[in-house]
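Each chain is listed here by its residues.
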Amino acid sequence: GMAPSEPTPSRVLVTLIDGDCALCSRYARLVSWLDTKGVVYFETQQSAVGKKVLRNAKQPVDLSTIVVVEVANGTAVGYTKSTAVLRTFAALGVPWSVAGVLLFVPTVVRDGVYTFVAKHRLKVFGANGGSCALPDAVARRRVGRGLPKQLLLSGGD
């Protein structure tokens, strides 16, 4: 049957961040640290793989938001802004999944807060000095873990 090399979680998420944003890198580091089950993958939106994942989920490269691409039943769906953040926490399992209740807060309210933080993020947190890379801690965790195939399936190109 299937090779038991790696358990495939019921859902897999890829969080695509702006590789040049210090706050985004910090967020990536935090989530990868909390993600004991290994359900969240990270790419930068600027990378070749990142662009491919975005294309498959029919999402534009948009550095003003993180994008989460979630694969459920073989279909890649993209989420942005606060919904992306909350779906990530929901996937981390208890106790972090409790943050998922915030999905009941109207999107316009949540995204207003998200956009405000995003707009000022480079001023407050600074840039990564143009490195456009995932933080080491996150990159290290991902070594040898290619993205699940269903994330890279092209929707017909």
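So, how was this worked out
Residues numbered from 1 in each chain as written. Predicted model: local features only at pLDDT ≥ 70, side-chain atom pairs only at ≥ 80, totals over all residues. Heavy atoms only, no water. Buried < 20%, exposed > 50% of the residue type's maximum accessible area, 1.4 Å probe, protein only. Helix = DSSP H or I, 4+ residues; strand = E, 2+ residues; numbered from the N terminus. Axes fitted to C-alpha atoms, helices over the stretch in contact; angles between N-to-C directions. Parallel < 35°, antiparallel > 145°, perpendicular 65-115°, else oblique. Left-handed = near helix turned anticlockwise from the far one by under 90°. Contact = heavy atoms within 4.5 Å. Pairing = 2+ DSSP bridges.

Student: Explain helix H3 (residues 81-91) here, please?
Tutor: When you tally the buried positions in H3, you get eight out of 11 residues, the bulk of the element. Those residues of H3 not exposed but buried are Ser82, Thr83, Ala84, Val85, Leu86, Thr88, Phe89 and Ala91. A positive phi of about 85° marks Gly93, the residue just after H3.

Student: Just checking my understanding: could you explain the packing of helix H1 (residues 22-34) against H3 for this structure?
Tutor: For the pair H1 and H3, interaxial distance at closest approach is 10 Å and the crossing angle is 20°. As the angle between them shows, H1 and H3 are arranged roughly parallel. As for how H1 packs across H3, the hand of that crossing is left-handed. Across from Tyr27, Leu30, Val31 and Leu34 in H1, the residues of H3 making contact are Val85, Thr88 and Phe89.

Student: Where do I start with the sheet that holds strand S2 (residues 40-44) in this structure?
Tutor: The strands that make up a sheet pair up through hydrogen bonds in the backbone, lying either parallel or antiparallel. The four strands lie next to each other as S2-S1-S3-S4, forming an open sheet whose pairing is mixed. Of all strands in the sheet, those bounded by a partner on one side alone are S2 and strand S4 (75-80). Within the sheet, the average angular offset between the axes of one strand and its neighbour, ignoring direction, is 25°. When strand S3 (residues 67-72) meets S4, the two strands line up antiparallel, connected through six bridges. Bridge pairing links Val69 to Gly78 in S4.

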